[in-house]
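Structural overview for review
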Amino acid sequence: MVEAKNGMKAYRGTLIAVAIVGALVAFTIFDSNRAAKEDRKKQEASALFKIKADDVVKVEIADDKPARVLEKKDGVWRITAPIDDLADLQEINALTGAIERETGLEKVSEEASELKTFGLDKPGLTATVTAADGTSQVLKFGSVSSYDGNLYVQRGGENEVWLVGSSLEGQFTKKLIEWRDKHLYRGPRDRTFTKVELRETDTKGKPKYRITLEKNEKNEWSAREFDTPVEVAAIEAFMEQVRALRAVDFPDIPNNATERKKLKLDLPVMTVTLTDREKNSFSVEVGSPLGSDEKAPRPATSSDLPTIASIYGAAFTTIQKRPEDFLDRKAPFRYQVNDAGKIEIRAPRAKPPYEADFEKKGPDWVLVSSKGGLQKDLNTTKLNDVL
């Protein structure tokens with residue numbers, strides 16, 4: 001009887017212990033969730049822009065330079081001020097990512113009367129971000145920075161002043177060249193071209209060579225200037241290199257006859273034209289180096305660009321191809337293996353040197369003559385592998 005009572009006491013003790021542990025676990029989970037919620041609230045409160053990267057459709061930047069405006073129209077990002085041009089998607093992604101991600105490091109003031117202290121009475125830069133639903137959010141950057149190089153910012157319509165890292169301002173103060181799409185080709189990447197024309201001249205306009213590559217209705221490539229088969233992989237690689245050409249700078253020089261003549265683009269040393277089946281063409285013209293060094297940047301323009309650009313000399317060499325670069329060098333050695341009837345082997349550099357002649361007898365190869373140290377393991381299978 002005593003043992004039964006002791007057993008019951010032990011059982012009740014175990015239940016109480018389990019209940020206590022369960023309560024502690026539940027409290028820990030509750031406390032952890034509460035802490036996580038509080039952290040999220042703090043992060044949301046310190047978010048400089050309450051907008052997701054994918055929802056951004058317009059960014060306006062105002063400072064002591066001409067206003068810059070980036071807009072997403074029909075799914076495509078463009079610079080609409082101070083020029084009109086396609087925007088570099090990589091730079092746009094970096095900007096919109098920072099807009100969504102960046103938060104204030106520390107709240108330093110809540111008093112509007114202290115704005116002058118932080119240079120926010122006359123902001124050095126104002127960024128306005130517009131979302132797809134039409135709502136806009138403003139962030140002002142103070143004209144003075146903190147002792148450690150961080151910056152003071154204020155959200156539009158609020159008195160709070162936040163301290164932020166300088167990297168965010170760097171996203172808004174990039175040079176115009178950084179925002180611009182630097183590709184000379186602006187068309188669809190999957191556009192199919194069926195004709196390639198390449199012409200190189202000297203600085204006086206005298207032709208060095210010209211090559212025209214065309215694809216027929218059977219999707220077979222050939223060269224107009226010679227009968228030798230061409231290498232399809234070389235042609236496709238060349239077209240991809242033309243598509244990939246990027247400008248290193250845009251001097252904002254209009255693409256007109258006067259300016260082209262100043263840069264000697266009236267006599268381009270290289271002209272490439274790609275044409276699709278609908279007879280729509282894309283062309284690139286490259287001039288002489290802007291200096292005595294062949295590796296120096298070169299003026300260039302394309303049918304997709306409203307202005308003249310410059311490209312690195314190294315980029316020019318990627319499209320500086322000659323007719324022989326497109327030849328199929330393996331073509332003379334292609335034949336039907338089953339048509340071969342005789343094999344002559346001459347190996348003067350072998351150790352020891354040897355010669356051997358084989359002829360096809362039915363499905364097998366037969367040695368008809370040999371001289372020197374012929375490899376004894378040459379058989380029908382190995383000879384077929386050689387072919």
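Up top you'll find the structure we're talking about.
What counts and what doesn't
Residues numbered from 1 in each chain as written. Predicted model: local features only at pLDDT ≥ 70, side-chain atom pairs only at ≥ 80, totals over all residues. Heavy atoms only, no water. Helix = DSSP H or I, 4+ residues; strand = E, 2+ residues; numbered from the N terminus. Expected span 1.5 Å × (residues − 1). Buried < 20%, exposed > 50% of the residue type's maximum accessible area, 1.4 Å probe, protein only. Contact = heavy atoms within 4.5 Å. Pairing = 2+ DSSP bridges. Axes fitted to C-alpha atoms, helices over the stretch in contact; angles between N-to-C directions. Phe/Tyr/Trp six-rings, centres within 6.5 Å; stacked < 30°, edge-to-face > 60°. Lys NZ or Arg CZ within 6 Å of the ring centre and 35° of its normal. Salt bridge = Lys/Arg side-chain N within 4 Å of Asp/Glu carboxyl O.

**Points about helix H5 (residues 232–243)**
Taking 1.5 Å of rise per residue, twelve residues should cover 16 Å, and H5 covers 17 Å from first to last C-alpha, within 8% of that figure. Within H5 the residues assigned to the buried category are Ala 234, Ile 235, Phe 238, Met 239, Val 242 and Arg 243. Buried residues belonging to H5 abut strand S10 (193–201), strand S11 (207–215), strand S12 (221–223), strand S14 (270–276), strand S15 (281–286) and helix H7 (313–319).

**With respect to the side chain of Ser 302**
Counting through the fold element by element, Ser 302 comes out in strand S16 (residues 298–302). Apart from residues lying up to four places away in sequence, Ser 302 is in contact with Leu 184, Asn 255, Phe 282, Ser 283 and Val 284.

**A closer look at the side chain of Asp 357**
For Asp 357, the location among the structural elements is in strand S19 (residues 354–361). Residues within four places of Asp 357 in sequence aside, it is in contact with Ile 343, Glu 344, Ile 345, Arg 346, Val 366, Leu 367, Val 368 and Ser 369.

**Side note on the sheet that holds strand S20 (residues 364–372)**
Strand order in the open sheet made by the three strands is S18-S19-S20, with antiparallel pairing throughout. Edge strands, defined here as strands with exactly one partner in the open sheet, are strand S18 (342–347) and S20. Strand-to-strand twist of the sheet, defined as the mean angle between neighbouring strand axes without regard to direction, takes the value 15 degrees. Direction of pairing for S18 relative to S19: antiparallel, over a ladder of six bridges. Residue pairing across strands places Ala 347 opposite Tyr 354, the latter belonging to S19.

**A few points about the packing of aromatic side chains**
Counted under the stated rule, the structure contains six aromatic pairs. Ring centres 6.2 Å apart and planes at 70 degrees place the aromatic pair Tyr 185 and Phe 193 in the edge-to-face group. Comparing Tyr 185 with Phe 193 shows no difference in burial state: the two are buried. Ring geometry for Phe 238 and Phe 326: centres 5.5 Å apart, planes at 90 degrees, overall edge-to-face. Placement of the pair is Phe 238 in helix H5 and Phe 326 in the loop between H7 and S18, with a sequence separation of 88 residues. Looking at Phe 326, the relative accessible area reads 2%, which means it is buried. Aromatic ring contacts, followed pair by pair, group Phe 49, Phe 141 and Phe 172 into a single cluster. Over the ring of Phe 250 we find Arg 180, and its NZ or CZ is 4.0 Å from the ring centre.

**Observations concerning the sheet that holds strand S17 (residues 307–311)**
Reading across the sheet, the eight strands line up as S12-S11-S10-S14-S15-S16-S17-S13 and stay open at both edges, with antiparallel pairing between neighbours. The open sheet has two free edges, formed respectively by S12 and strand S13 (249–254), since each of these has just one partner strand. Pairwise comparison of adjacent strand axes, ignoring direction, gives a mean angle of 20 degrees for this sheet. Note that S15 and S16 share three bridges and pair antiparallel. Bridging across to S16, Glu 285 finds its partner in Thr 301. Each of S10, S11, S12, S14 and S15 is contacted by H5, which is oriented at about 75 degrees to S10, the strand it contacts most.

**Some points on the pattern of salt bridges**
Following the criterion strictly, the structure yields 27 salt bridges and no others. With its nearest N and O atoms 3.5 Å apart, the salt bridge here joins Asp 88 to Arg 246. Of this pair, Asp 88 sits in the loop between strand S4 (85–86) and helix H2 (89–101) while Arg 246 sits in the loop between H5 and S13, and the two are 158 residues apart along the sequence. Under the relative-accessibility criterion, Asp 88 is labelled buried at 8%. With relative accessibility at 36%, the residue Arg 246 sits in the partly exposed group.

**Let's talk about the environment of Pro 251**
For Pro 251, the position within the fold is in strand S13. In this structure Pro 251 comes out as partly exposed when scored by relative accessible area, which is 39%. Linking Pro 251 and Ser 310, residues 59 residues apart in sequence, is a C-alpha distance of 7.9 Å. Beyond its immediate chain neighbours, meaning those up to four positions away, Pro 251 contacts Ile 308 and Ala 309.

**Regarding the pairing of S10**
Counting buried residues along S10, seven of its nine residues qualify, which places the element largely inside the surrounding structure. Bridge count between S10 and S11: seven bridges; the pairing is antiparallel. Residue pairing across strands places Lys 195 opposite Glu 214, the latter belonging to S11. With antiparallel pairing between neighbouring strands as the criterion, S10 and S11 make up a hairpin whose turn holds five residues, including Gly 205 at a positive phi of roughly 90 degrees.

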